[in-house]
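# Summary of structural features
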Amino acid sequence: MSSKNNQLVHKNIDDNLNAINIRLFSDLSYDVIIREFKFRYNKKDVKAFLVFFEGMINKDFVNQNILFRANSTFQSNDNIKYESVADFFENFVISNYSLEKSQNFKKIIDKICSNNCAIFIDGYDQCFLCDMAQHEHRAVGTPTFESSVKGTQEAFNEVLNTNTALIRKYVKDSNLIIEQINIGKRASNTCTVMYIKGLTNPKIVKKIKNRISNIDTDIIITTDNLSQFIETNTFSIIPQIMPTEKPDRVASFLMQGRCVILTNNSPIAGVIPSTVVDWFHSGEDGYLRAPFNFILKLIRIAAILTALFLPALYIATVTYHIDILPTNIAMMLAASREAVPIPFVIEVIIMEIAFELLREAEVRVPTKVGPIVSIVGGLILGQLAVEANIICSFTMIIVGFTGICMYALPNYYSSYGLRSIRYILIILSFINGYLALSFGVLLFMVILSDTFSIGTRLLPNFYIDKDRNIIQQIFTEPVWSREKRPYYTKASDKTSQPNISRRWLFNEKK
Amino acid sequence: MRKNSDYKNISYVNYEIISMFFTLLACVFISYSPIRIIERCGSASIIGILFISLVTYIIYYIIIKCIFKNEYDMFSVIKKTYPPIIQKIISVCIYLFLLLYSYLLISNLLYNLRASIYSKSTLFSISIFFLVALYLLNKKGFNVIFRIVGYVSIIIVIYIVFLFIMSVTKIDLNNFFPILGNGPKDVFLNNLSNSALFVPLFLFTFFGGKVAKGKKRANYKNFNLIMLIFTILYTLLIFTFIATVPIEIISSRYTLLLDLSSLISLNPQSFKLVPIMIYVFSLIIFISSSFCILCGLYNIQRLNVVKDYSKYVLPSVIIMTILFLIPIPLSIYNIILDVFYILSIGFTFGFPILTLIIYFIKNKGRSKKFMQDKNTPKFIEEVD
C-alpha cells in the first residue's frame, strides 16, 4: 500500500489516469468523478483530466473556471505565449485562488479526499490541486448545551473554517495563532491549536502540539476524540479538557491565556487548561452585572455541594447518626418509613438510577415525546412509588432536589464526573456513616488534585496571594476590576488591564 | 512524568505550608491534650496555654533562626553534624517516632468515635479508611497533600469559631475563677510538659527552607503566623470548654470535643454539631497522619537510608495496619501516651537544640550564610 502511494506522477496522461483509477477504485465507487477534456496550446490539442469526489466540491466552479475556460482556448490564444503547457494552464486556464502542485500520488489522493479537485495534463509530471470545497453543512446556529439568555447566541458548526472565522471575528488580534496539524493515518482530519502569541504559556502550547502531532491513529472524528487522545489522566472520572460550543467563550478563554483545540467536523472546541473553577462559570457570566453574578455563583456552589453530598448525608444520618436529628424530624421520618420494606440505601440508589434513566430517555426520545416521558417518569411513577410504600417520601424529596441541583451546573460535561462521585459517596456513607463520607470527600479531592489538565492540576492552589486565590476567581469581580488573568492559566502576560481601567473617573468634573 | 518522591518536585506556597502546620497542630483539639491542660491548670487554662505557646514560640524561633540562617533545612544540619552511620540511626529513629505519632493521631480520633458513635465497631474496622487514606496520600506525594490542605484548613477555623459562637449563650464566667487556677507552680512550671503538643513544629524544620528560597523572611513570617493562628484558636477552644462545662466534669471526660459538639446547638430542637465534628476532624486526621508518615519516609530518603521513599509506602502502611490489629486496653494506651509526651519533648526541643549546639561547635568559624537566590521565583509553576 505504502509503496503504491509513494509513486510519482508520470508524464504520460494515460498512465496517470490508470493510476488514479486503481487508487480511487473508480469502478467500485460511484462518487468518483473523472472528466477527461482537451485544451489548445500552441496550435496543438493537449489532453487533460480532472478528478474529484461528487458532493465535496463546487461543481459550478469546475464547469465555469476550468472546463469552460479550457474550451475557450480553442477559439484564439495564438498570441498568448507561455514557457510551457503547464505554465499556460496554470496562468490562463485555471482561475482559482488556491492552487498547489504535487508529484506524489499519496498527497494527491489525500487532497482529493479533502475537497480538492486534481487536474492532470499530458506531458507534465505534476498534478494541479485546487481547493474548491463546498460541503453541505449546518448554518451557524444557537448553542445547545450552553444556552444563555444574555450574550451572543452563536454556536460553532461542523466546518472548521467557519469556526475559526467566528473566533477571528471576536479576537481581532494578529497575535492569534491558529496552527494546523493533520492527524489520521487512513482518514486524515484537520486539527487546529489556537493560542495568542506572547500571552499563552509557551510550555503549555508546546506540550499540546507535541501530544497532538504524536498521535498515531487511523481517524480522529471530533474534538472529543482528540481530547481523549491528549488528556493526561485517561481513567480519571473528571474531564480535563473543557468543551464549549460558543465562539465568544473561546475568545474570552484565549484572552485569559488558554489554548483551544478544534477539529474539522466538530462543533465543539476544547479549552486547555481548565480547572474546577470553570465548573462555576457559565457563558453569560461575563455579561452579567457583578451583584447578580455573585448571587448566581453562591447558588451554583450550593447546587454543586447539594448535588454531591445531600444523598450521602441523608444515608449517613438515617443509618448511623439518627440521634443528631431534632426529635420531630426523626419522628416524621420514622412515620414515613413505617411501611417501606427496603433499606434506605437501596431506596436512594433505586431512585437515583431511575432518575438517570429518565435523563437518558429524555435525551434519546424524539423531541415531541420528551415531555411525556418526564411526566410519566417524574410525576406518575414517583407519586405511585410513594403511595405504594415502595419508596419513602423523604427519599423522593432528596432525590428530586439533588436532580434539580445537578441541572443547575453550568458545565454539562462536568456533571458526568460529579454524578459518578455521588454514587461513591452514597455507598461509602452507607458503609460507615460520616467517617466514610469524610473519606469520600478526601478521595474526591485527591482525584481532583492529582488530575492534570495539561499545564495545571484540576484543583488550583487555594490561595497564593491576594490577586491569586480561588475565592476571587469563582466570584467574578466587576468588569473594570478584573486586572489579572486567572493564575492557573499560567499566562505569560499576567495583567489584562491596568489598575485604573476607568480613566473617565479622573477626567469627569465633579 | 514527574516523580512524586523527587525532592526538587515538591512545590508549595506560603499559604499551604501555614495551612499544613496549622492542620497538624489542630489535631490536638480532638486529642487528650486539652484535658491534660485543664487538669493541670484548672480555671487558669487560658493563661496556661498562652504561656506554653509563648515559651515554645521563643525557643522555636531561635531554633528556626539558627537552622535557616545557615542551612537549607534540618537535614543539611544533621548531615554536617553527625557521621553517616549516626545520621542513618537518627533518621530511622525519626521515622519510627513519626510512625508512632501518626498512629496516635488516628487512634485518638478512633477512641473518641468508638466511645460515642461506633460503639459496636472494632478499632480496626473503623481504622480501615485511615489506612487506605494513608496509602493513597503517601503514594500521591507531598504536592497533593499540600494542595488539599489549603482547602481543608479553612474548615477547622470555621468549625472552632462556629463552636464558640454557638456556645456564647451557655458561657458561665464563674468557671474562670480562681484566676490562677491550681496555682502558679502548676500553671507555669508543671504545665511546661504540655508543650509536647507542638511536635509538628519539628517537621517545620524539614520544609521551611524551600519556601524561604527567594524570600528570606517568608520562613519566619510563616512560623509566626502558624503560632499565632494556632494559639488564638486553641485559646478559643479552651475558653469554650471552660466556659460551658464545669472543670470537675471536664477532668472526668475523655471525649471532650465530642461532648461539647453534642451539647451545643441553637435550641434543643435543632441539629447537633457531632457529624460536622466527625467530618472535619476525620478529614484533618487523614491528612495529618499521612503527612507525618510521608515526612518520616522523606527523612529516610534525605538522610540516605533509602534511595526512593515511594517503595516504602506500602511497608509503612502495613506496619500501621499491624499496630491497629493489636488490641490495646485504654490503660496501656494512656501509658503509651505518657511515654509519647516525653519522647515528643525530646524530639521537638531536645534533639534540634542538641544538634544545633554540636553543629555550631563543629562548624565554628566555617559556617557560611545560606545563599539566597533572588532570581528563583517564590512560587514554582509546574506544567504537567
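Rules behind the numbers
- Residues numbered from 1 in each chain as written.
- Chains lettered and ligands numbered in written order.
- Predicted model: local features only at pLDDT ≥ 70, side-chain atom pairs only at ≥ 80, totals over all residues.
- Helix = DSSP H or I, 4+ residues; strand = E, 2+ residues; numbered from the N terminus.
- Rg over C-alpha atoms; globule rule 2.2 N^0.38 Å.
- Contact = placed C-beta atoms within 7 Å.
- Buried ≥ 20, exposed ≤ 12 C-beta atoms within 10 Å, placed from the backbone.
- Axes fitted to C-alpha atoms, helices over the stretch in contact; angles between N-to-C directions.
- Parallel < 35°, antiparallel > 145°, perpendicular 65-115°, else oblique.
- Left-handed = near helix turned anticlockwise from the far one by under 90°.
- Nonpolar A, V, L, I, M, F, W, Y, C, P; charged D, E, K, R; others polar.
- Expected span 1.5 Å × (residues − 1).
- Arc of directions from axis to C-beta.
- Pairing = 2+ DSSP bridges.
- Core = buried A, V, L, I, M, F, W, Y, C linked by C-beta atoms within 7 Å.
- Domains from an automatic or database assignment.

## So, the overall build of chain A
- Looking only at helices and strands, one finds 17 helices and 12 strands in chain A.
- Computed over the C-alpha atoms, the radius of gyration of chain A is 30 Å, more than 25% above the 24 Å expected from 2.2 N^0.38 for a compact globule of 510 residues.
- Counting only C-alpha atoms and orienting by the principal axes, one finds that chain A spans roughly 105 × 70 × 40 Å.
- For chain A, long-range pairs separated by at least 24 residues make up 68% of all intrachain contacts whose partners lie at least 6 apart in sequence.

## A look at the overall build of chain B
- Secondary structure assignment for chain B yields 15 helices and 0 strands.
- Within chain B, buried positions represent 48% of all 384 residues.
- Of the contacts made within chain B by residues no fewer than 6 positions apart, 83% connect residues no fewer than 24 positions apart.

## Structural notes on the packing of helix α12 (residues 344-364) of chain A against helix α13 (residues 370-387) of chain A
Residue and element names in this part refer to chain A.
- At a closest axis distance of 9 Å, the pairing of α12 and α13 adopts a crossing angle of 165 degrees. By the angle between their axes, α12 is roughly antiparallel relative to α13. When the axes of α12 and α13 are compared, the crossing they make is right-handed. For the pair α12 and α13, contact is made by Leu358, Ala361 and Glu362 and by Gly370, Val373, Ser374, Gly377 and Gly378, respectively.
- Its residues placed into classes, the contact of α12 with α13 shows 3 nonpolar, 4 polar and 1 charged.

## As for α12(A)
Residue and element names in this part refer to chain A.
- Across its 21 residues, α12 extends 30 Å between first and last C-alpha, which sits within 8% of the 30 Å expected from 1.5 Å per residue.
- Within the sequence span of α12, burial applies to Phe344, Glu347, Val348, Met351 and Glu352. Axial view of α12: buried residues confined to an arc of 125 degrees, hence all on one face. Looking at α12, the residues exposed on the side facing more than 90 degrees away from the buried face are Ile346, Ile353, Leu357, Glu360 and Arg364.
- Each element contacted by the buried residues of α12 is listed here: α10 (290-319), α14 (393-407) and α15 (414-449).

## Some remarks on the sheet that holds strand β2 (residues 44-53) of chain A
Residues and elements named next belong to chain A.
- Strand order in the open sheet formed by 5 strands is β1-β2-β4-β5-β3, and the pairing between neighbours is antiparallel. Since the sheet does not close on itself, it has two edges, and those belong to β1 (32-41) and β3 (99-102), each with one partner. Each neighbouring strand pair of the sheet contributes to a mean axis angle of 25 degrees, computed without reference to strand direction.
- Sheet topology places β1 next to β2; 10 bridges connect them, and they run antiparallel. Note that in β2 the partner of arginine 40 across the bridge is aspartate 45.

## With respect to the sheet that holds strand β8 (residues 242-244) of chain A
Residues and elements named next belong to chain A.
- One open sheet accounts for 5 strands, arranged β6-β7-β9-β10-β8; its pairing is antiparallel. Only two strands of the sheet have a single partner each, and these edge strands are β6 (176-183) and β8. Put simply, the sheet's adjacent strands are angled 25 degrees from each other on average, direction ignored.
- In the sheet, β8 pairs with strand β10 (residues 269-272) via 3 bridges, with the strands oriented antiparallel. Bridged to methionine 242 within β10 is valine 271.

## Considering the pairing of strand β5 (residues 127-131) of chain A
Residues and elements named next belong to chain A.
- Of all 5 residues making up β5, 4 are buried, and the element is well covered by its neighbours.
- Here β3 runs beside β5; their pairing, made up of 4 bridges, is antiparallel. Within β5, the residue paired with glutamate 100 across the bridge is leucine 129.
- Taken together, strand β4 (residues 116-121) and the strand that follows it, β5, pair antiparallel across an intervening segment of 5 residues, in which glycine 123 is found at a positive phi of about 85 degrees.

## Details of helix α8 (residues 223-230) of chain A
Residue and element names in this part refer to chain A.
- When α8 is considered as a whole, its buried residues turn out to be Thr223, Leu226, Ser227 and Ile230. Around the axis of α8, the buried residues are gathered within 105 degrees of arc, so they sit on the same side.
- On the buried face of α8, the contacting elements are β7 (189-196), α7 (202-213), β9 (259-263) and β10.

## Topic: the nonpolar core
- Within the largest apolar cluster, 166 residues are counted, with the highest numbers of intra-cluster contacts made by Ile145(B) and Ile284(B).
- Here the element with the most residues in this core is helix α13 (residues 274-302) of chain B; it accounts for 18 residues.
- Setting aside residues no more than four positions away along its own chain, Ile145(B) makes contact with Leu137(B), Ile287(B), Ser290(B), Phe291(B) and Leu294(B).
- Counting 36 residues, the second-largest nonpolar core is a separate cluster that includes Cys259(A), Ile261(A), Ile268(A) and Ile272(A).

## Quick word on the domain arrangement of chain A
- Each assigned domain of chain A is listed here: domain 1 (2-131), domain 2 (160-274), domain 3 (292-449) and domain 4 (463-506).
- The gap between the C-alpha centroids of domain 1 of chain A and domain 4 of chain A is 56 Å.

## A word on the interface of chain A and chain B
- Across the boundary between the two partners, chain A contributes 34 residues, which contact 31 residues of chain B.
- Sorting the residues of the side of chain A that touches chain B by element identifies α7, α11 (327-337), α15 and β11 (463-465) of chain A as the ones contributing at least two each.
- Among the elements that make up the side of chain A that touches chain B, the one with the highest residue count is α15(A) (12 residues).
- Class assignment for the residues of the side of chain A that touches chain B results in 19 nonpolar, 10 polar and 5 charged.

## Observations concerning the packing of α12(A) against α14(A)
All names here are of chain A.
- Running from N to C, α12 and α14 cross one another at 40 degrees; their axes reach a closest spacing of 10 Å. When the interaxial angle is binned, α12 and α14 end up oblique. Crossing hand, α12 versus α14: right-handed. Side by side, α12 and α14 meet where Glu347, Val348, Met351, Glu352 and Phe355 of the first sit next to Thr395, Met396, Val399 and Gly403 of the second.
- Taken together, the residues that form the contact of α12 with α14 break down as 5 nonpolar, 2 polar and 2 charged.

## A few points about the environment of Asn334(B)
- Along the polypeptide, Asn334(B) turns up in helix α15 (residues 330-362).
- Taking the C-alpha atoms as reference points, Asn334(B) and Asn112(B), separated by 222 residues in sequence, lie 14 Å from one another.

## Here's the deal with unusual backbone geometry
- Of note, the bond from Ile272(A) into Pro273(A) is cis; its omega dihedral lies within 30 degrees of zero at -5 degrees.
- Position of Pro273(A) relative to the elements: it lies in the loop between β10 and α10.
- A cis amide bond, omega 0 degrees, links Phe177(B) with the succeeding residue Pro178(B).
- Considering the arrangement of structural elements, one finds Pro178(B) in the loop between α7 (142-167) and α8 (184-189).

## Here's the deal with the environment of Phe52(A)
- Tracing the backbone through its elements, the reader meets Phe52(A) in strand β2.
- Residues contacting Phe52(A), with those up to four places away along its chain left out, are Ile33(A), Ile57(A), Ile112(A) and Cys117(A).

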